[in-house]
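Chain and residue survey
Each chain is listed here by its residues.
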Amino acid sequence: MKAADEIFNTLPDTVKDAIRDLFSRYHFTESQKLEILKEEADLRQWKEPSFAGSFDHGTLESHQDGRTGDRYMEALRKYMHDLRADATDYSSFFPSIHPRPKSRVTEPDKQLVLSRCPCPVDGEKTRCCKLRTLDVIEQCAFSCSYCSVQAFYAENEIHAISNIKEKLLALEVEDDVWHIGTGQASDSILLGDDHGTLSGLASFAEKHPDIIIELKSKSARNVFSREYPANMFFSWSLNAPTIIEKEEHLTASLEGRLENAMRCRNNGNLVGFHIHPMVYFRGWEEEYGAVADKISSAFASDDLFAISIGTLTFTKSVLKNLRLCGEESRILEMELTPAAGKFSYPLDIKRKMFSHVYSSFPESIREGVFFYLCMEDPSLWPAVLGREYGCDRDFELDMKENYMQKRDILINKRR
Ligand code: SF4
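To start, this report covers the structure provided alongside it. (Residues numbered from 1 in each chain as written. Predicted model: local features only at pLDDT ≥ 70, side-chain atom pairs only at ≥ 80, totals over all residues.)

Observations regarding the overall build of the protein
- Check the secondary structure of the protein and you find 17 helices and 16 strands.
- For the protein, the C-alpha radius of gyration of 23 Å lies close to 22 Å, the compact-globule estimate for 415 residues.
- Seen along its three principal axes, the alpha-carbon backbone of the protein occupies a region of about 85 × 50 × 35 Å.
- Taking contacts inside the protein between residues at least 6 apart in sequence as the whole, the part at least 24 apart equals 80%. (Helix = DSSP H or I, 4+ residues; strand = E, 2+ residues; numbered from the N terminus. Rg over C-alpha atoms; globule rule 2.2 N^0.38 Å. Contact = placed C-beta atoms within 7 Å.)

Brief notes about the sheet that holds strand E15 (residues 342-344)
- As summarised here, the arrangement of the three strands in space is E13-E15-E14, forming an open sheet in which the pairing is antiparallel. For this open sheet the edge positions go to strand E13 (313-314) and strand E14 (337-339), each flanked by a neighbour on one side alone.
- As paired strands, E13 and E15 are joined by two bridges and run antiparallel to one another. Within E15, the residue paired with Thr 313 across the bridge is Ser 344. (Pairing = 2+ DSSP bridges.)

Looking at the site of the ligand
- If you check the shell around the ligand, you find Cys 140, Phe 142, Ser 143, Cys 144, Cys 147, Val 149, Gln 150, Ser 186, Asp 187, Lys 218 and Thr 251 and nothing else.
- Those elements giving two or more residues to the shell around the ligand turn out to be strand E5 (143-144) and helix H7 (149-152).
- Tallied by class, the residues present in the shell around the ligand amount to five nonpolar, four polar and two charged. (Near = placed C-beta within 6 Å. Nonpolar A, V, L, I, M, F, W, Y, C, P; charged D, E, K, R; others polar.)

Regarding helix H2 (residues 13-25)
- Here H2 contains 13 residues, and its C-alpha end-to-end distance of 18 Å stays within 8% of the 18 Å for a straight helix at 1.5 Å per residue.
- Looking only at H2, the buried set comprises Val 15, Ile 19 and Leu 22. Looking straight down H2, one finds its buried side chains confined to an arc of 60°; they lie on one side. Along H2, exposed side chains directed more than 90 degrees from the buried face belong to Asp 13, Thr 14, Arg 20 and Ser 24.
- Buried residues belonging to H2 abut helix H1 (3-10), helix H3 (30-45) and helix H4 (51-54). (Expected span 1.5 Å × (residues − 1). Buried ≥ 20, exposed ≤ 12 C-beta atoms within 10 Å, placed from the backbone. Arc of directions from axis to C-beta.)

Examining the pairing of strand E9 (residues 232-238)
- E9 sits mainly inside the fold: seven of its seven residues count as buried.
- Pairing analysis gives five bridges linking strand E8 (residues 212-217) to E9, with the strands arranged parallel. Bridging across to E9, Lys 216 finds its partner in Ser 235.
- Examined bridge by bridge, E9 and strand E11 (residues 271-278) share five bridges and lie parallel to one another. Counted as the bridge partner of Ser 235 is Gly 272 from E11.

Thoughts on unusual backbone geometry
- Following His 276, the chain continues into Pro 277 via a peptide bond in cis, with omega recorded as -5°.
- Of note, the phi angle at Leu 250 is positive, near 75°, even though the residue is not glycine.
- Inspection of the secondary structure puts Leu 250 in the loop between strand E10 (248-249) and helix H11 (254-266).
- Assessed through the 15 C-beta atoms surrounding it within 10 Å, Leu 250 is described here as partly exposed.

So, the environment of Glu 328
- Within the element layout of this structure, Glu 328 appears in the loop between helix H13 (316-325) and E14.
- Taking the C-beta count within 10 Å as the criterion, Glu 328 has 16 such neighbours and is therefore assigned partly exposed.
- When the C-alpha positions of Glu 328 and Gly 386 are compared, they lie 38 Å apart, and in sequence the two are 58 residues distant.
- Those residues in contact with Glu 328 that sit more than four places away from it in its chain are Gln 45, Lys 47, Pro 95 and Ser 96.

Next comes the structure, spelled out in structure tokens:
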């Protein structure tokens, strides 16, 4: 099916009628028609009125110069540009939530594979820490509107690997591997130890004390009634309460995530935070500043191995899926600027948001914790963090040194 037809079929009947009427009135090229349909899909998702449905045709039809289609496009582009350029207004946006029902499937034959972070290869476009990834669970029961994992795996099934401990202990690991993340294909702790994942990872971490295993979560599930090795690091993605409420459906509240992080710290493990993805919305300064305050008042720098900052980036295929799924969300009400083969906010908005949240932390946290920008343009580093790396390898080595120092402090504390 053509892309235009696919999008057209997802639109409500009233919008379809307005589009049919529009296409019969004026001449549009095929690419203009596709652009109109994409914008209508975005407006529907943002719960904004249809532009075609509310357009005053009298303003165009007074012109008799044969350029009415082009004039319509100019008006549409200006309207959409103005909506996207402004900080998103969530105050009157109450999305219906579409939990995606999921059954659990265990896979006895599936083998574990150590993969590489999907960042582009070392270059000028992003700075990457070269995280290795291990997909011990695939698909997620949360329902974040911007999630790429949801579309990547079968929608209604969460896949867990059975005999995980044996498979992890048999996994061959190259000598240069020092940092493995398990939160790329699911939430790392949402399923707890239901499938033996956490105890398997703990055994793997004990076998490889010089490899940091990072579990990343948005969950408040208490998995801290047992001990974990010092090289198991637990991190939480945090966001502004407005974004958690409107876009990160079914996940734990900010307080719930922070309380779980405190449980983790009290249980004797290092904690990290990913303030990610930051969204440019009305109220972002106060809410992200408050996130930094809450972290700083609950954690000392020795509790924390890292704080990363980042924002939304979309590939073309994720953008297409988000438009076609039609769920109500304002996450795409943003300027989509090309960024290293993907689409993201313009650099000046990122600089403003990242600098604000970084400077909201007190000096004790800024100096005692490893801050980094996740998958971001290297030009942002000096402006935001006051430091930069010449290549990904330098970033990786500095991160490793910092993480190992924090692990060693923790090991000494435990003695
Ligand atoms: S928690 Fe992560 S994996 Fe789960 S829905 Fe949200 S973005 Fe996707």
